[in-house]
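Observations on the three-dimensional arrangement
Letter by letter, the chains look like this.
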Amino acid sequence: MANMIELPSNWVCDGKELKPKSGASSSNTWIFDGEEIKPKTSASSSNKWIWN
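Rules used throughout
Residues numbered from 1 in each chain as written. Predicted model: local features only at pLDDT ≥ 70, side-chain atom pairs only at ≥ 80, totals over all residues. Heavy atoms only, no water. Helix = DSSP H or I, 4+ residues; strand = E, 2+ residues; numbered from the N terminus. Buried < 20%, exposed > 50% of the residue type's maximum accessible area, 1.4 Å probe, protein only. Contact = heavy atoms within 4.5 Å. Salt bridge = Lys/Arg side-chain N within 4 Å of Asp/Glu carboxyl O. Polar contact = N/O pair within 3.5 Å; in protein donor to acceptor, adjacent residues only side chain to side chain.

Relative to the helices and strands, Glu-36 is located in strand 4 (residues 36-39). Residue Glu-36 is classed as buried on the basis of its relative accessible area of 16%. Excluding anything up to four places from it in sequence, Glu-36 contacts Ile-31, Lys-48, Trp-49 and Ile-50.

Okay, here's the thing in structure tokens:
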């Protein structure tokens, strides 16, 4: 069974980046590398999420 995340309508994800539809910047954009979801800037072990 595939996992699915539903986003609010004011957010977009292209499979690699998750960001607001308007007003996106590097400080409010998240990166998904297939295993971790982390902020585009200032990522640390305390603000990374592991996807499994």
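Glancing now at the pattern of salt bridges. In total, this model carries four salt bridges according to the counting rule given. The salt bridge partner of Lys-19 is Glu-17, with a shortest N-O separation of 3.5 Å. Look at Glu-17 and you get buried, because its relative accessible area is 18%. Residue Lys-38 pairs with Glu-36 through a salt bridge whose shortest N-O separation is 3.8 Å. Residue Lys-38 is classed as partly exposed on the basis of its relative accessible area of 21%. Sharing partners across several salt bridges, the network here consists of Glu-17, Lys-19 and Lys-40.

Position of Thr-29 among the secondary structure elements: in the loop between strand 2 (17-20) and strand 3 (30-32). A polar side-chain atom of Thr-29 sits 2.6 Å from the main-chain carbonyl oxygen of Ser-25. With sequence-adjacent residues up to four places away left out, Thr-29 is seen in contact with Glu-17, Leu-18, Lys-19, Ala-24, Lys-38, Pro-39 and Lys-40.

Scope: geometric values only; no functional claims are made or implied.
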